[in-house]
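Structure at a glance
Here is what each chain is made of, one letter per residue.
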Amino acid sequence: MLSVIATVYNEGDAIHRLMQSLCKQTRPPDEIVIVDGGSTDNTVAIMNRYANQLPLKVIVVPGANISEGRNRAVQAAHGDIIAITDAGVTLPDDWLEHITAPFDGDNPPDVVSGFFRADPHTVFEAAMGATVLPLETEIDPDTFLPSSRSVAVRREAFVAVGGYPEWLDYCEDLIFDLRLKETATFTFAPEACVAFRPRGSLSAFFKQYYLYARGDGKADLWRKRHAIRYVTYLVAAPALILSALFISPWAWLLLIAGFVVYMRQPYRRLPTVLRGYRERQALSPVQVAYAIVLVPVIRVVGDVAKMIGYPVGWRWRLRENPPDWRNLTENLQ
């Protein structure tokens, strides 16, 4: 039996895209279980309109965070294969077919990692997608940690790691993936690629990355990566600027070289993302230039959000003393 699960909260503006794409799947699900975290908009009403088109079960759990919502959805589902997605995406018609196909092979895995691509509706969103979302060509299937926008897992593998960590409100899918990596076999299915609309404003993006970094701090993730960011912004960059101003103008070359290296990946992605945007709407040279200028702005705003959010998460961790997610036995007690 094949179950699709998701959790949502105040997704009235976006939930139609997910529900309509579920209706079009070439491999229909046996059931769909969606947990609503207590939406105050029309999310639940919209989902219930699809009850006569889909094998849909909507469960309202006020106050449930993302981890709790997904866990409750899996508990309520009956399938031995669980396909997991999010309200913020649009599924291609063959998504469910591709995300579950490896389970029917000769050497079936425990987890199938799908993928996601930017689906920009504005030039700003195109620049955002190029800055923060990887392309398929950048992925190493052996180390890739799938987003819960597009992943499928055997129920027994889900249960073996205790599901999603309910003490963690953001970055929960990373912890879920890392725990699965210790016990489960993975395969990468890039054809199971959902369309994800990036954040549409700097304020929304700042909040998103602040919360992600706060989640990193709560879960004690990526210490080295965050340390490098602090050193770069608070030590190396100021030192080079002061050196250029008061010691030697050659220091500007080092600063420019560092900028080029740091922005290389987003600018390599930008033509690909803009080509996708052109399929929806024509682009003028001014709009292309605007996207080029936006990339470093978005990068810096995201870095500042991370530098603020990470210590907030660490302070929470010191105060609350959450379970050690690296110790699976402790998490399952």
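Let me begin by describing the structure that accompanies this report.

Criteria and cut-off values
Residues numbered from 1 in each chain as written. Predicted model: local features only at pLDDT ≥ 70, side-chain atom pairs only at ≥ 80, totals over all residues. Heavy atoms only, no water. Helix = DSSP H or I, 4+ residues; strand = E, 2+ residues; numbered from the N terminus. Rg over C-alpha atoms; globule rule 2.2 N^0.38 Å. Buried < 20%, exposed > 50% of the residue type's maximum accessible area, 1.4 Å probe, protein only. Contact = heavy atoms within 4.5 Å. Salt bridge = Lys/Arg side-chain N within 4 Å of Asp/Glu carboxyl O. Phe/Tyr/Trp six-rings, centres within 6.5 Å; stacked < 30°, edge-to-face > 60°. Axes fitted to C-alpha atoms, helices over the stretch in contact; angles between N-to-C directions. Parallel < 35°, antiparallel > 145°, perpendicular 65-115°, else oblique. Left-handed = near helix turned anticlockwise from the far one by under 90°. Nonpolar A, V, L, I, M, F, W, Y, C, P; charged D, E, K, R; others polar. Arc of directions from axis to C-beta.

Thoughts on the overall build of the chain
What the chain contains, in helices and strands, is 12 helices and eight strands. In terms of overall size, the chain behaves like a compact globule, its C-alpha atoms giving a radius of gyration of 21 Å where 333 residues would be expected to give roughly 20 Å. If you line up the chain on its principal axes, its C-alpha atoms span 70 × 50 × 45 Å. Burial statistics for the chain: of 333 residues in total, 48% are counted as buried. For the chain, the proportion of contacts with a sequence separation of at least 24, taken over those separated by at least 6, is 82%.

Observations regarding the pattern of salt bridges
Opposite charge on two side chains makes pairing possible when the charged atoms of those side chains draw close. One pass over the structure, following the stated rule, counts 11 salt bridges. Between Glu-172 and Arg-70 there is a salt bridge, and its shortest N-O distance comes to 2.8 Å. Taken together, the positions of Glu-172 in helix 7 (residues 172–183) and Arg-70 in helix 3 (residues 66–76) put the pair 102 residues apart, joining distant regions of the chain. A relative accessible area of 2% places Arg-70 in the buried class. Across the pair Asp-169 and Arg-214 runs a salt bridge whose closest N-O atoms are separated by 2.7 Å. Note that Asp-169 is positioned in the loop between helix 6 (155–160) and helix 7 and Arg-214 in helix 8 (residues 202–219), a separation of 45 residues in sequence. The exposure class assigned to Arg-214 is buried, which follows from its relative accessible area of 18%. Salt bridges linked by common partners bring Arg-70, Asp-86 and Glu-172 together as one network.

Here's the deal with the packing of aromatic side chains
One pass over the full model with this rule turns up 10 aromatic pairs. Taken together, a centroid distance of 4.1 Å and an interplanar angle of 25° make the contact between Tyr-164 and Phe-176 stacked. On the criterion of sequence distance, the pair formed by Tyr-164 in the loop between helix 6 and helix 7 and Phe-176 in helix 7 is long-range, its members being 12 residues apart. Each member of the pair Tyr-164 and Phe-176 is classed as buried. Seen in terms of ring centroids, Trp-167 and Trp-316 are 6.2 Å apart; in terms of plane orientation they differ by 10°. Their pairing is stacked. Here Trp-167, found in the loop between helix 6 and helix 7, pairs with Trp-316, found in helix 11 (residues 285–320); they are 149 residues apart in sequence, far enough to count as distant. Each member of the pair, Trp-167 together with Trp-316, is buried. Members of the aromatic cluster, connected to one another through ring pairs, are Phe-115, Phe-116, Phe-144 and Phe-188.

A short note on the packing of helix 9 (residues 223–246) against helix 11
Between helix 9 and helix 11, whose axes approach to 11 Å, the crossing angle comes to 120°. Taken together, helix 9 and helix 11 sit at an angle that is classed as oblique. You can see that helix 9 and helix 11 cross each other, and the crossing is left-handed. Two secondary-structure elements touch here, helix 9 through Arg-223, His-226, Arg-229, Tyr-230 and Tyr-233 and helix 11 through Arg-299, Val-300, Asp-303, Lys-306, Met-307, Tyr-310, Pro-311 and Trp-314. For the contact of helix 9 with helix 11, the class distribution of residues is seven nonpolar, one polar and five charged.

Quick notes on helix 1 (residues 15–23)
Turning to helix 1, its buried residues number three or more, namely Ile-15, Leu-18, Met-19, Ser-21 and Leu-22. For helix 1, the angular spread of buried residues about the axis comes to 165°, placing them on one side. Tucked inside the fold, the buried residues of helix 1 contact strand 1 (2–8), strand 2 (31–36), helix 2 (43–48), strand 3 (56–60), strand 4 (81–85) and strand 5 (89–90).

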